[in-house]
Amino acid sequence: MGALAERVATPLLPSDYVDLLSPLASSAELRGKVVGVLPETVDSATLIIKPGRTWKGHRPGQYIRVGVDINGVRRWRAYSLTSSPERPDGNLTITVKTIEEGLVSNHLVHRIRTGTVIQLDQATGDFTLGEQRRRKQLFVTAGSGITPVMGMLRGHSEDLEGSVLIHSAPTGRDVIFGRELRGIADEGRIELIEIHTDRAGMLNPANLAAMVPDLAEREIRACGPTGMLDSIEAHLETIGLAHRLRTERFRPAVVVTGEGGTIHFTVSDVNAQGDGATPILDVGEEAGVLMPSGCRMGICFGCVSRLREGAVRDLRTGEVTTATTGDEIQIQTCVSAAAGTCQIEL
Amino acid sequence: MTAIQKDPDNPIAHLSREDIEQIGRELDAIRQEVLDTRGEEDAAYIRGLIDTQRKLELGSRGVLLFSLFPPAWLVGTAGLTVAKILENMEIGHNVMHGQWDWMRDPKIHSTTWEWDNASPADLWKHSHNEIHHTYTNVIGKDHDLGYGIMRVDEDQRWVPFYLGQPAWNLINAFLFEYSIAAYDLQLKKNWKGRKENPEFQAKAKQVMKKIRTQMTKDYVVHPALSGPSAPTTLAANLTANLVRNLWTHSVIMCGHFPEGVATFEKKSIDGETHDDWYVRQMLGAANIKGSPAMHVMTGNLSFQIEHHLFPDLPSNRYQEISPKVRDIFERYDLPYAEGSLPGQVASAWKKVIRLSLPDDTLGKAKSLLGFGRKKKEADIHEIRPERLEARAA
């Protein structure tokens, strides 16, 4: 039956025709439909997403990559899942906080409409409870760092009784899931310590032991800005508890760009220095990498290759294209130069 | 037309280096304007078109299940023909050009697209995007010039083989998608020594496989699905493919063969700058005037000049930039080749017939018959009527 369908559909795939009727039914592509957008705070919102047929589910604490078309261009970002895997309606949720100038986060929080079909990847990540769930937990979070922890609190509500959560936000109104967190704290299921940094300042890790007397007996999971994670890591190192710490770092959304940089050709495992004016195609060939090429003037698209990480600049327009881990952005190597460290899949 | 450098009336002789550089800057600015405004509407255009095309194909094939009934045959065949033309021209050709790569949608991307055509996408992309668009109309480099079987320029030396070219071209039109596949394989060049050429063998195998799956779909599977309507569905598929061949052949001929399109000598592109390349593209292509529906059905190759200047801009934008491009032609006194579809097709055919004979046979015949025109005048008039008109205006 499948073989016949392929013969009928060629050169397209049968799934291309299925997509015409129902984008969520595809067996080839995992997509999701936004079925609801719930504002959380002034700058964050939860998206309720109905996943496609091939969704394999997730473990609390994991994240998914979401691909959304903004002004015609598909952009991928990773967000922690904030829903329980056992959600009765089978939907999943992600909760997004806007970043200043953040193209995708602003779009998802303020502009996306229900009914929009978005691209999804299967859930991934190891910031999960795993085997250590029997031990008591300490969660230290800030800002949107609460999102994977919320996923765990919702997904493992019984296992996490007795946990402590120290959460930082500028004010009480900026606490994402504030009402729900205070609710479960009031029921006595967890202890919640809120730090409102506008008035109280940032968390000083040296105070952790005073805030959580049984600190040494707990698994410690932290998620938030890099500065906070680094300081916690350093402090736990000095008091000999570093082995208890697991962190989830949100990837920096901003890629440092400049003129030129080291180009890593991932398949051939070759590093080469690219200056800001030399096409990556020339740099690669010079370094002995087998580069696909064509017209060498940007018109034939015979040299198109994947940028996996880093930044490149279009030598014709000056436009910078960036990619972060997990991205596969196709670029024309004959008219692109390194604009910072970058990885090319060749 | 003869190669521009040999032309006693070289249309770019009046351009200084500064002029050419300024033309380059102005064209870059037009390109940048499109890039700056490229976005959601363009994405919606191509997605909508792909959606429409697929539904039209699906619907037409559905109707053809009952093609035993003549009205169903007519409607289904017409729909399928239009769907197949859209798929090859406005969608396939342009997606494979990378015009939609900027959307970063792997489903609508030059690296993944496969089209409903005998020629496999990657072979076609090489011969078309790389060779033809880089070396447009350079004699000896651009194989599109006469497809290697026809003499379409005075500078191609006449041999008796060319006497048959009106016939070759007609056969070519009927079998166009297979000619394209043969051409992408450079069959003529590679035929001798094919046995010792593993690269050719591999590509030939790839083409044969593509042709087989295409033929199985159109001439076996879909007819078989039609049950009692099998013979009529087979005829419908044959008709749709044939009409598409004739249509695309005509459109492609209009792009570079009509009178008034310039050709270039091989050595003239040594050390060519991007600005020189722009000027070569300006003179090496011809447009077709017509309705919006015609533009879509040609894949906007009716804006062949704009397409050759900016092969990677989304095709739905060519019409919009056309007046700006035309303005540059006018300010720099360059001939903007353009005509109606029947006019351009006739002009291209006329050239194919004229050049099938040794040079000036028609002129000599005319003098012998006592038409009394001086040779020089007759030649110029035959070669480039548009320019003379432009000069006069």
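Remember, predicted model here, so these are calculated numbers, not experimental data.

Quick look at the overall build of chain A
Part 1 of the argument: In terms of regular secondary structure, chain A is built from nine helices and 17 strands.
Part 2 of the argument: In terms of overall dimensions, chain A has a C-alpha envelope of 65 × 50 × 35 Å along the principal axes.
Part 3 of the argument: Within chain A, the proportion of its 346 residues that are buried is 51%.
Part 4 of the argument: Contacts spanning at least 24 positions in sequence make up 66% of the contacts within chain A whose residues lie at least 6 apart.
Part 5 of the argument: Considering chain A, the positive charge centre built from 36 side chains and the negative charge centre built from 43 side chains are found 5 Å apart.

Comments concerning the environment of A:Thr257
All names here are of chain A.
Part 1 of the argument: The topology assignment puts threonine 257 in the loop between β11 (245-249) and β12 (261-265).
Part 2 of the argument: Take threonine 257: its relative accessible area is 40%, and that puts it in the partly exposed class.
Part 3 of the argument: With 45 residues separating them in the primary sequence, threonine 257 and valine 212 have C-alpha atoms 42 Å apart.
Part 4 of the argument: Setting aside residues no more than four positions away along its own chain, threonine 257 makes contact with Ala311, Val320, Thr322 and Ala339.

As for the sheet that holds β11(A)
Residue and element names in this part refer to chain A.
Part 1 of the argument: What the five strands build is an open sheet, ordered β9-β8-β7-β10-β11; its pairing is parallel. Each edge of the sheet is formed by a strand with only one pairing partner; in this case those strands are β9 (190-196) and β11. Each strand axis lies, on average, 15° off the axis of its neighbour in the sheet, ignoring direction.
Part 2 of the argument: Note: strand β7 (residues 137-142) against strand β8 (residues 163-169), five bridges, orientation parallel. Its bridge partner lying in β8, alanine 142 is registered against serine 168.
Part 3 of the argument: Packing against the sheet, helix α4 (residues 146-155) makes contact with β7, β8, β9 and β10 (219-224), and its axis sits at approximately 145° to β7.

Some points on the domain arrangement of chain A
Part 1 of the argument: One can read the domain layout of chain A as domain 1 (2-120), domain 2 (130-249) and domain 3 (261-344).
Part 2 of the argument: For domain 2 of chain A versus domain 3 of chain A, the distance between C-alpha centres works out to 41 Å.

What about a nonpolar patch on the surface?
Part 1 of the argument: On the surface, A:Met1, A:Leu4, B:Leu65, B:Phe66, B:Leu68, B:Phe69 and B:Leu225 cluster together into a nonpolar patch covering about 760 Å² of accessible area.
Part 2 of the argument: Mapped onto the elements, B:Leu68 comes out in the loop between α2 (40-64) and α3 (70-96).
Part 3 of the argument: Judged by relative accessible area, B:Leu68 falls into the partly exposed class, the value being 47%.

Digging into the interface of chain A and chain B
Part 1 of the argument: Counting residues at the interface gives 33 residues for chain A and 43 residues for chain B.
Part 2 of the argument: Put simply, chain A and chain B have four salt bridges between them.
Part 3 of the argument: Ionic pairing is found between A:Arg74 and B:Asp105, a salt bridge with its closest N-O pair at 3.4 Å.
Part 4 of the argument: Where chain A touches chain B, the interface holds eight residue pairs in polar contact (both at pLDDT 80 or more).
Part 5 of the argument: Listed by contribution, the elements that provide at least two residues to the side of chain A that touches chain B are α1 (2-9), α2 (14-21), β4 (73-80) and β16 (329-332) of chain A.
Part 6 of the argument: A per-element tally of the side of chain A that touches chain B places α2(A) first, with five residues.
Part 7 of the argument: Residue classes in the side of chain A that touches chain B are distributed as 14 nonpolar, 10 polar and nine charged.

Some thoughts on the packing of aromatic side chains
All names here are of chain B.
Part 1 of the argument: A full pass over the atoms with the stated rule returns eight aromatic pairs over all chains.
Part 2 of the argument: Ring pairing ties together the aromatic residues Tyr45, Trp100 and Trp102, which thus form one cluster.
Part 3 of the argument: Lying over the aromatic face of tryptophan 191, arginine 194 brings its terminal NZ or CZ to 3.8 Å of the ring centre.
Part 4 of the argument: The ring of phenylalanine 264 has arginine 280 lying over it, and the distance from NZ or CZ to the ring centre is 6.0 Å.

Considering the packing of α1(A) against helix α8 (residues 198-225) of chain B
Part 1 of the argument: The interhelical angle for the contact between α1(A) and α8(B), taken along N-to-C directions, is 120°, at an axis separation of 9 Å. By the angle between their directions, the pair α1(A) and α8(B) is classed as oblique. Along this stretch, α1(A) crosses α8(B), giving a crossing that reads as left-handed. Residues A:Leu4, A:Arg7 and A:Val8 of α1(A) form the contact with α8(B), whose participating residues are B:Thr216, B:Lys217, B:Val221, B:His222 and B:Leu225.

Structural notes on the nonpolar core
Residues and elements named next belong to chain B.
Part 1 of the argument: Ile23, Leu27, Met282, Leu309, Phe310, Val325 and Leu334 are the most contacted members of the largest nonpolar core, which totals 35 residues.
Part 2 of the argument: Among the secondary structure elements, those contributing two or more residues to this core are α1 (17-37), α10 (274-283), α12 (304-309) and α13 (318-331).
Part 3 of the argument: The greatest single-element share of this core, amounting to six residues, is contributed by α1.
Part 4 of the argument: With sequence-adjacent residues up to four places away left out, leucine 334 is seen in contact with Pro11, Ile12, His14, Leu15, Ile23, Met282, Leu283 and Phe329.
Part 5 of the argument: If you look at the next biggest cluster of nonpolar residues, it comprises 29 residues, including Ala3, Ile50, Ile108 and Phe176.

Focus on the pattern of salt bridges
Part 1 of the argument: Counted by the stated rule, this structure contains 51 salt bridges over all chains.
Part 2 of the argument: Here A:Glu233 and A:Arg249 are joined by a salt bridge, their closest N and O atoms 3.3 Å apart. Note that A:Glu233 is positioned in helix α8 (residues 226-238) and A:Arg249 in strand β11, a separation of 16 residues in sequence.
Part 3 of the argument: Ionic pairing is found between B:Lys55 and B:Asp51, a salt bridge with its closest N-O pair at 2.8 Å. A residue pair is termed a helical-turn pair when its members lie 3 or 4 positions apart in one helix, as B:Lys55 and B:Asp51 do in helix α2 at four residues.
Part 4 of the argument: One salt-bridge network, held together by shared partners, links B:Glu57, B:Arg61, B:Lys84, B:Asp116, B:Glu177, B:Lys217, B:Asp218 and B:Arg244.

So, helix α6 (residues 176-184) of chain B
Residues and elements named next belong to chain B.
Part 1 of the argument: When we look at burial in α6, the residues that qualify are Phe176, Glu177, Ile180, Ala181, Tyr183 and Asp184. One face of α6 carries all of its buried residues, which in axial projection span an arc of 165°.
Part 2 of the argument: One or two steps after α6, the chain reaches glutamine 186, where phi turns positive at roughly 50°.

Details of the sheet that holds strand β6 (residues 117-120) of chain A
Residue and element names in this part refer to chain A.
Part 1 of the argument: In space, the six strands of this open sheet follow the order β4-β3-β6-β1-β2-β5, with antiparallel pairing throughout. What marks the edges here is a single partner per strand, and that holds for β4 and β5 (92-97). Sheet twist, expressed as the average angle between the axes of neighbouring strands with direction ignored, equals 40°.
Part 2 of the argument: Where strand β1 (residues 31-41) lies against strand β2 (residues 44-51), eight bridges are found, and the strand directions are antiparallel. If you follow valine 37 over to β2, its bridge partner there is leucine 47.

Conventions used here
Residues numbered from 1 in each chain as written. Chains lettered and ligands numbered in written order. Predicted model: local features only at pLDDT ≥ 70, side-chain atom pairs only at ≥ 80, totals over all residues. Heavy atoms only, no water. Helix = DSSP H or I, 4+ residues; strand = E, 2+ residues; numbered from the N terminus. Buried < 20%, exposed > 50% of the residue type's maximum accessible area, 1.4 Å probe, protein only. Contact = heavy atoms within 4.5 Å. Lys, Arg positive; Asp, Glu negative; His and termini not counted. Charge placed at Lys NZ, Arg CZ, Asp CG, Glu CD. Pairing = 2+ DSSP bridges. Axes fitted to C-alpha atoms, helices over the stretch in contact; angles between N-to-C directions. Domains from an automatic or database assignment. Patch = residues over 30% accessible without salt bridge, like charges linked within 9 Å, V, L, I, M, F, W, Y side chains within 5 Å. Areas by Shrake-Rupley, 256 points an atom, 1.4 Å probe, with all protein chains shown as cover. Salt bridge = Lys/Arg side-chain N within 4 Å of Asp/Glu carboxyl O. Polar contact = N/O pair within 3.5 Å; in protein donor to acceptor, adjacent residues only side chain to side chain. Nonpolar A, V, L, I, M, F, W, Y, C, P; charged D, E, K, R; others polar. Phe/Tyr/Trp six-rings, centres within 6.5 Å; stacked < 30°, edge-to-face > 60°. Lys NZ or Arg CZ within 6 Å of the ring centre and 35° of its normal. Parallel < 35°, antiparallel > 145°, perpendicular 65-115°, else oblique. Left-handed = near helix turned anticlockwise from the far one by under 90°. Core = buried A, V, L, I, M, F, W, Y, C linked by side-chain atoms within 4.5 Å. Arc of directions from axis to C-beta.

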